Amino acid sequence: MSKKCLVVDDSKVIRKVARHILETLDFTVDEAVDGRDALDQCLQTPPDVVLLDWNMPVMSGMEFLRALRQSDLPVRPKVVFCTTENGMGHIRAAIEAGADEYVMKPFDRETLESKLQIVGLA
Ligand SMILES: [Mg+2]
């Protein structure tokens, strides 16, 4: 059965690019437009992995990580968060908040695949 990835980003373009890459890696893909949407979906049907944007309206990536950690999901999805060169300072905070890995935007197929391998999913 294919693994499920929830792509969380307020940019429709980024979601589309990520979906395309993930589908070529045989993932089933769902999309969320912000952290709140992502949290709701995770509580309903937890994915294997979440690809998480940092800056989003309504609920940011960091707020999502904190909320996910406080949830009582029996198995927490892996989280790979996306950052930009300007956001490199966020990495430590994100890992401390429960992220498993990070990937720099813009990412390509090879980079994303290697990060998914690191968290045990590709
Ligand atoms: Mg964003």
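- Per an unreviewed UniProt entry, the recorded name for the protein is Response regulator, and the organism is Sphingomonas cavernae.

### Notes on the overall build of the protein
Stage number 1. Looking only at helices and strands, the protein has 5 helices and 5 strands in total.
Stage number 2. Start at the N end of the protein and walk to the C end: the helices and strands fall as β-α-β-α-β-α-β-α-β-α.
Stage number 3. A compact globule built from 122 residues would reach a C-alpha radius of gyration of about 14 Å, and the protein, at 13 Å, matches this within 12%.
Stage number 4. Overall size of the protein, expressed as C-alpha extent along the three principal axes, is 35 × 30 × 25 Å.
Stage number 5. Counting all 122 residues of the protein, 33% fall into the buried class.
Stage number 6. Partitioning the contacts of the protein with sequence separation of at least 6, the portion at a separation of at least 24 is 60%.

### What to know about the UniProt feature "modified residue: 4-aspartylphosphate" (unreviewed entry) in the protein
Stage number 1. UniProt feature "modified residue: 4-aspartylphosphate" (unreviewed entry): in the numbering of this structure it lies at Asp53.
Stage number 2. By the element assignment, aspartate 53 lies in the loop between β3 (49-52) and α3 (61-70).
Stage number 3. Contact partners of aspartate 53, with chain neighbours within four places excluded, come to Val8, Asp9, Asp10, Gly61 and Cys82.

### Quick notes on the environment of aspartate 34
Stage number 1. Along the chain, aspartate 34 turns up in the loop between β2 (28-32) and α2 (35-44).
Stage number 2. Note on aspartate 34: 19 C-beta atoms within 10 Å, which makes it partly exposed.
Stage number 3. In this structure, the C-alpha to C-alpha distance between aspartate 34 and methionine 56, residues 22 residues apart in sequence, is 5.7 Å.
Stage number 4. When residues no more than four places from it in sequence are discounted, the contact partners of aspartate 34 are Asp10, Met56, Pro57, Val58 and Met59.

The rules we used
- Residues numbered from 1 in each chain as written.
- Predicted model: local features only at pLDDT ≥ 70, side-chain atom pairs only at ≥ 80, totals over all residues.
- Helix = DSSP H or I, 4+ residues; strand = E, 2+ residues; numbered from the N terminus.
- Rg over C-alpha atoms; globule rule 2.2 N^0.38 Å.
- Buried ≥ 20, exposed ≤ 12 C-beta atoms within 10 Å, placed from the backbone.
- Contact = placed C-beta atoms within 7 Å.
- UniProt positions renumbered as here; feature names shortened; annotations may be inferred.

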